[in-house]
Amino acid sequence: MNKAFALAVLMSAATVGTAYARDMGMTAKPAGDVAIVFTNPELDDSAKRLDVPDSFIHPDQATIQKAQNEVKTDRSLRADLLSQNVELNNVVAIDTAADGSRIVYVR
């Protein structure tokens, strides 16, 4: 009886673990996904409602330079941005979301 119970518990745990892994894979986005967030430093209220960090609303030169370098060196990112009609020189920051996709902040 104890062996049957232990076997049932193990099978149940394996099934739950497989279902959890399958569900996690379905919700994760590929790293190539790009979300565009338009910021306007003069209208801080709209960006704050979207929980945009102030460092992306008012980026410093180092943040802008880092974002511009990433746009210049990453062909797939550049293609994604151009396909969404983003002017590349207006990219001011790039962040990575928890699912691996990128968030591009544009002025």
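Throughout what follows, the structure given in this document is the object of discussion. (Residues numbered from 1 in each chain as written. Predicted model: local features only at pLDDT ≥ 70, side-chain atom pairs only at ≥ 80, totals over all residues. Heavy atoms only, no water.)

**Overview of the pairing of strand 3 (residues 102-106)**
Most of strand 3 sits inside the fold, with 5 of its 5 residues counted as buried. Residues Arg102, Val104 and Val106 line one face of strand 3 and the alternating positions Ile103 and Tyr105 line the opposite face, and both faces are buried. The sheet contact formed by strand 1 (residues 34-38) and strand 3 spans 5 bridges and is parallel. Counterpart to Val37 in the pairing with strand 3 is Tyr105. In this structure, strand 2 (residues 91-96) lies alongside strand 3, joined through 5 bridges in antiparallel fashion. Note on strand 3: the bridge partner recorded for Thr96 is Arg102. A loop of 5 residues connects strand 2 with strand 3, the two strands running antiparallel in sequence, and Gly100 in this loop sits at a positive phi of about 95°. (Buried < 20%, exposed > 50% of the residue type's maximum accessible area, 1.4 Å probe, protein only. Helix = DSSP H or I, 4+ residues; strand = E, 2+ residues; numbered from the N terminus. Pairing = 2+ DSSP bridges.)

**Some words on the sheet that holds strand 3**
One open sheet holds the 3 strands; their spatial order is 1-3-2, and the pairing between them is mixed. Of all strands in the sheet, those with a lone pairing partner are strand 1 and strand 2, marking the two edges. On average, adjacent strands in this sheet sit at an angle of 20° to one another, irrespective of strand direction. Seen against the sheet, helix 4 (residues 61-73) touches strand 2 and strand 3 and runs at an angle of roughly 80° to strand 2. (Axes fitted to C-alpha atoms, helices over the stretch in contact; angles between N-to-C directions. Contact = heavy atoms within 4.5 Å.)

**Considerations on the pattern of salt bridges**
It is possible for side chains bearing opposite charge to pair when their charged atoms get close. For the structure shown, the criterion picks out 2 salt bridges. Across the pair Arg102 and Glu70 runs a salt bridge whose closest N-O atoms are separated by 3.2 Å. With a gap of 32 residues between them, Arg102 in strand 3 and Glu70 in helix 4 connect regions that are remote in the sequence. Here Asp74 and Arg102 are joined by a salt bridge, their closest N and O atoms 2.7 Å apart. Separated by 28 residues along the polypeptide, Asp74 in the loop between helix 4 and helix 5 (75-83) and Arg102 in strand 3 bring together distant segments of the chain. Classification of Arg102 by relative accessible area gives buried; the value is 11%. (Salt bridge = Lys/Arg side-chain N within 4 Å of Asp/Glu carboxyl O.)

It is worth stressing that arrangement in space is one thing and function is another; only the former is reported here.
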